[in-house]
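Each chain, written out:
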Amino acid sequence: MTVHLEVAEGVGTIRLDRPPMNALDKAMQTGLKDAAEEATHRDDVRAVVVHGGEKVFAAGADIKEMQAMDHAAMIAWSRPLQESFTAVARIPKPVVAAVTGYALGGGCELALCADYRIAAENAKLGQPEIQLGLIPGAGGTQRLSRLIGPSRAKDLIFTGRMVKADEALALGLVDRVVPADEVYTQAHAWAAKLAQGPAIALRAAKESIDAGLETDLETGLAIERNWFSALFATEDRERGMRSFVEEGPGKAKFL
């Protein structure tokens, strides 16, 4: 297997394991979907880290595999390709990408599926598909423009240029830059902290933000309102409010 799900302390690490560059071939894409679905349904997974290892996150799709595909073959594969990445984006739990080395093409698109991105100081990100006469096909044109804005996304996609970690941070493409040897540790710490939080409320927050971005303000407010009201039926809400009243803010312990 080239994709593994490892679980410890409430954190599930989806680990890419296809050295040397974690090129995302069909098998890895299928493995990503399977790991994401497993992380979604496992009760002992309360937050997720996506990690490619110490040297590289993922340097893109397997170009040799793609070169052999014609139009008909890609029509048949394009939907499963997108679905594998969408499965990661739809994990209803906090997801952080631990980005080391290259995150290019499909690798960058995979990082975009996370809720938060921590990058190494030596990381390089980009969507170089235009240099192959292509465009991003696993969500890059959509998720990148929603994250950093259409004009900045067009700059990266039109030119195919790579950006270093400092520019990626300035663009909003990553959220934190740390020394390379601290990337996974800090990503795991971010996930572990949230794994101790109220699981249903975190799911509600993620779904409200993500679904709201896809619709108009009025509909987004309705999504928020419905989730906000529904949380009053949860044990976590009772525990959180009781702790606030009796002990003060920030001391609630959630299961």
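You'll find the structure just up there.
Bear in mind the structure is a predicted one, so any value in this text is a computation, not a measurement.

## Comments concerning helix α10 (residues 217-230)
Thinking step 1. The end-to-end C-alpha distance of α10 is 20 Å, a good match for the 20 Å that 14 residues give at a rise of 1.5 Å each.
Thinking step 2. Of the residues that open α10, the one with a side-chain oxygen 3.1 Å from the backbone nitrogen of Glu-218 is Asp-216.

## Quick notes on the pattern of salt bridges
Thinking step 1. The tally for this structure, following the rule as stated, stands at 13 salt bridges.
Thinking step 2. Among the charged side chains, a network of salt bridges with common partners joins Arg-18, Asp-25 and Asp-62.

## Regarding the packing of helix α9 (residues 199-213) against α10
Thinking step 1. At a closest axis distance of 9 Å, the pairing of α9 and α10 adopts a crossing angle of 170°. In terms of orientation, α9 lies roughly antiparallel with respect to α10. Counting all contacts with α9, which are made through Ile-200, Ala-204, Glu-207, Ser-208, Ala-211 and Gly-212, the residues of α10 involved are Gly-220, Ile-223, Glu-224 and Trp-227.
Thinking step 2. Of the residues in the contact of α9 with α10, the class split is five nonpolar, three polar and two charged.

## Comments concerning the pairing of strand β4 (residues 95-99)
Thinking step 1. With respect to burial, β4 is a largely interior element, five of its five residues being buried.
Thinking step 2. Every second residue of β4 is oriented toward a common face, with Val-95, Ala-97 and Val-99 on one face and Val-96 and Ala-98 on the other, all of them buried.
Thinking step 3. Here strand β3 (residues 47-51) pairs with β4 via four bridges, running parallel. Directly across from His-51, in β4, lies its bridge partner Ala-98.

Analysis parameters
Residues numbered from 1 in each chain as written. Predicted model: local features only at pLDDT ≥ 70, side-chain atom pairs only at ≥ 80, totals over all residues. Heavy atoms only, no water. Helix = DSSP H or I, 4+ residues; strand = E, 2+ residues; numbered from the N terminus. Expected span 1.5 Å × (residues − 1). Polar contact = N/O pair within 3.5 Å; in protein donor to acceptor, adjacent residues only side chain to side chain. Salt bridge = Lys/Arg side-chain N within 4 Å of Asp/Glu carboxyl O. Axes fitted to C-alpha atoms, helices over the stretch in contact; angles between N-to-C directions. Parallel < 35°, antiparallel > 145°, perpendicular 65-115°, else oblique. Contact = heavy atoms within 4.5 Å. Nonpolar A, V, L, I, M, F, W, Y, C, P; charged D, E, K, R; others polar. Buried < 20%, exposed > 50% of the residue type's maximum accessible area, 1.4 Å probe, protein only. Pairing = 2+ DSSP bridges.

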